Amino acid sequence: MSTNLYAKPTAAHNYLHHLSYHVPYVIKSIPISQFTRIRRICSTIGDYWANVELFTKFFIKQGYDKAYIKRIAQEVSKKNR
């Protein structure tokens, strides 16, 4: 059995904007928690990276730094499911 991430077609993926007036650790933790969730759900590393590419676009749209997002995705990819 294999598992992959599912999102409803109506999912907006509007995460907290990077310039929002929240404490910095809250803003930094959103990509970490989303990538960790994706890593736990996806049974293969290929599915994980496919979803990372999609979610990277969502985070860039919300003003997150691409280099930061890529670094977090790389760190999370090394974790066990």
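These numbers were taken from a predicted model, which means no experiment stands behind them.

Reading the values: rules and limits
Residues numbered from 1 in each chain as written. Predicted model: local features only at pLDDT ≥ 70, side-chain atom pairs only at ≥ 80, totals over all residues. Heavy atoms only, no water. Core = buried A, V, L, I, M, F, W, Y, C linked by side-chain atoms within 4.5 Å. Buried < 20%, exposed > 50% of the residue type's maximum accessible area, 1.4 Å probe, protein only. Helix = DSSP H or I, 4+ residues; strand = E, 2+ residues; numbered from the N terminus. Contact = heavy atoms within 4.5 Å. Salt bridge = Lys/Arg side-chain N within 4 Å of Asp/Glu carboxyl O.

(A) Focus on the nonpolar core. Core analysis: the biggest nonpolar cluster contains 18 residues, and Phe35, Ile38, Tyr48, Phe55 and Phe59 have the highest contact counts within it. For this core, the elements supplying multiple residues, two or more each, are helix H1 (24-41), helix H2 (45-61) and helix H3 (66-77). Excluding residues that lie within four positions of it along the chain, Phe55 makes contacts with Leu5, His13, Tyr15, Gln34, Phe35, Arg37 and Ile38.

(B) Here's a closer look at the pattern of salt bridges. For the coordinates displayed, the defined rule picks out two salt bridges. The salt bridge involving Lys70 is made with Glu53; its shortest N-O contact spans 2.9 Å. Linking Lys70 in helix H3 with Glu53 in helix H2, this pair joins segments that are 17 residues apart in sequence. We classify Lys70 as partly exposed; its relative accessible area is 30%.

(C) Focus on the side chain of Ser77. Note that Ser77 resides in helix H3. Judged by relative accessible area, Ser77 falls into the buried class, the value being 14%. Not counting the four nearest positions on each side in its chain, Ser77 is found in contact with Arg39, Ile45, Tyr48 and Trp49.

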